[in-house]
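# Tertiary structure, described
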Amino acid sequence: MSAYDLFVVGRPSVDVMFTGLEQWPELGNDIEAGGLGVCAGTSFNTPAAANRIGLRVAYVSEIGSDVWSQMIRDEFEAEALSTEFLLVEDRPLPAVSVALNMDGDRGFVSHWPHGPAVDGRIADRALSLIGNVDARHLHGQVEDMPDLEAAARAHGMTVSVDAFDGASWASARPIEELLRDADVLLANEAEACAMAGTHDPSAALELLAAHCECVVIRRGARGAVGIAGGVVREVPADPVDVVDTTGAGDCFNAGFLAGWLSGLPVEHSLTLGVICGTGAVTDFGGYRGCPRGADFRAIAAARGIDVPEVWQPVEGSA
């Protein structure tokens, strides 16, 4: 059995989330938010959620010595997430994203100093580690790491990519190149449509499936749809009181990948994703609402899904 289930790469941020806005901010006017949450976020969400549900995670990331970075470091400890592959630079590297929640959606204001340089160092470090870390699966963002994806495949790892960037998704690389080494593509509807060059999510699913064996489109309050081996399945969302939607897709990814890595049918993997994504929106951030191992297995069992305590491929499953 591999030492790690997931090998995740990315730069974490501190997410500051405001909820309960009655109107959108306007220049010169002060508005009040009904709620406030602060926690680590961005690339931290999926590994933290995966760790909560029992996957073993190797998370290659970097922070600095500033107060924001210390907040992220504290979240590693609070979540009992391994810091084996966390690099701490002795200089300020603040990464902060402010999310404004209103009417079921949100807008962001973010600060990523030295972004390309930090991202490049993280990618280079991950590439230097990939052959020496005993992991089953690489997960990252679709545009970030073609060399890393190819290296992971060469070392017998499977690969999933998240589209990221919403309706603003764009890439100079053709889709067939972007998805060449991917086993799973995870995207929301806006991202999937932007990637496929269509306004129809159903058409996007089919078009993207021509380049990737398993494609999942997250649909927010309408659940998720996925295709694997030519079979399309849909799973509805769970009714829930929404606190904050920030990072819910990242949390969904953790649940889906847990099922996919165990060889569960795509509808079961989608259901596990919905369980995690639903939990995410009941609290601030993309992982704090995610159920932990025993609770996660109990929720899954109530829906007819047997989730193992130790994750491993399920023989003979489709």
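Everything discussed here concerns the structure shown above.
The present account deals with the structure reproduced in this document. (Residues numbered from 1 in each chain as written. Predicted model: local features only at pLDDT ≥ 70, side-chain atom pairs only at ≥ 80, totals over all residues. Heavy atoms only, no water.)

### Some thoughts on unusual backbone geometry
For threonine 42, which is not a glycine, the phi torsion comes out positive at approximately 60°. By the secondary structure assignment, threonine 42 is in strand β3 (residues 35-42). A positive phi angle is found at alanine 80, which is not glycine, with a value near 55°. Its location among the elements puts alanine 80 in the loop between α2 (67-78) and β5 (86-88). (Helix = DSSP H or I, 4+ residues; strand = E, 2+ residues; numbered from the N terminus.)

### Side note on the nonpolar core
The biggest cluster of nonpolar side chains holds 52 residues, and the ones touching the most others in it are Phe44, Phe252, Phe256, Leu270 and Leu272. Here the element with the most residues in this core is helix α8 (residues 248-261); it accounts for eight residues. In contact with leucine 270, other than residues within four places in its own chain, are Val216, Ala224, Val225, Gly226, Arg233, Val235, Phe252 and Phe256. (Core = buried A, V, L, I, M, F, W, Y, C linked by side-chain atoms within 4.5 Å. Buried < 20%, exposed > 50% of the residue type's maximum accessible area, 1.4 Å probe, protein only. Contact = heavy atoms within 4.5 Å.)

### A look at the sheet that holds β3
Taken together, the four strands give an open sheet; going across it, the order is β3-β2-β6-β7, and neighbouring strands pair in mixed fashion. Edge positions in the open sheet fall to β3 and β7 (105-111), since each of these has one partner strand only. Strand after strand, the sheet turns through a mean of 20° between neighbouring axes, direction not considered. Judged from the five bridges that link them, strand β2 (residues 12-19) and strand β6 (residues 96-102) form a sheet pairing that is parallel. Paired with valine 16 across the strands is valine 98, a residue of β6. (Pairing = 2+ DSSP bridges. Axes fitted to C-alpha atoms, helices over the stretch in contact; angles between N-to-C directions.)

### Quick notes on the packing of aromatic side chains
One pass over the structure, following the stated rule, counts six aromatic pairs. Taken together, a centroid distance of 5.1 Å and an interplanar angle of 80° make the contact between phenylalanine 44 and phenylalanine 76 edge-to-face. Note that phenylalanine 44 is positioned in the loop between β3 and α1 (45-52) and phenylalanine 76 in helix α2, a separation of 32 residues in sequence. Residue phenylalanine 44 shares its accessibility class with phenylalanine 76, and that shared class is buried. (Phe/Tyr/Trp six-rings, centres within 6.5 Å; stacked < 30°, edge-to-face > 60°.)

### Some words on helix α4 (residues 146-154)
Leu148, Glu149, Ala151 and Ala152 are the residues of α4 that are buried. Buried residues of α4, seen end-on, are gathered within an arc of 165° and therefore sit on one face of the element. Summarising the geometry of α4, the exposed residues directed more than 90 degrees from the buried face are Asp147 and Ala154. One or two residues past the end of α4 sits glycine 156, with phi positive at roughly 80°. (Arc of directions from axis to C-beta.)

### Remarks on the pairing of β2
Most of β2 is tucked away, with seven of its eight residues classed as buried. For β2 and β3, the ladder comprises eight bridges, and the chain directions are antiparallel. Across the sheet, residue valine 16 finds its bridge partner in β3, namely valine 38.

### Section: the packing of helix α9 (residues 266-280) against helix α10 (residues 293-302)
Axis separation between α9 and α10 bottoms out at 11 Å; the angle between their running directions is 130°. In terms of orientation, α9 lies oblique with respect to α10. In the crossing of α9 with α10, the sense of the turn from one axis to the other is right-handed. Residue-level contacts link Leu272, Ile275 and Cys276 of α9 to Phe296, Ile299 and Ala300 of α10. (Parallel < 35°, antiparallel > 145°, perpendicular 65-115°, else oblique. Left-handed = near helix turned anticlockwise from the far one by under 90°.)

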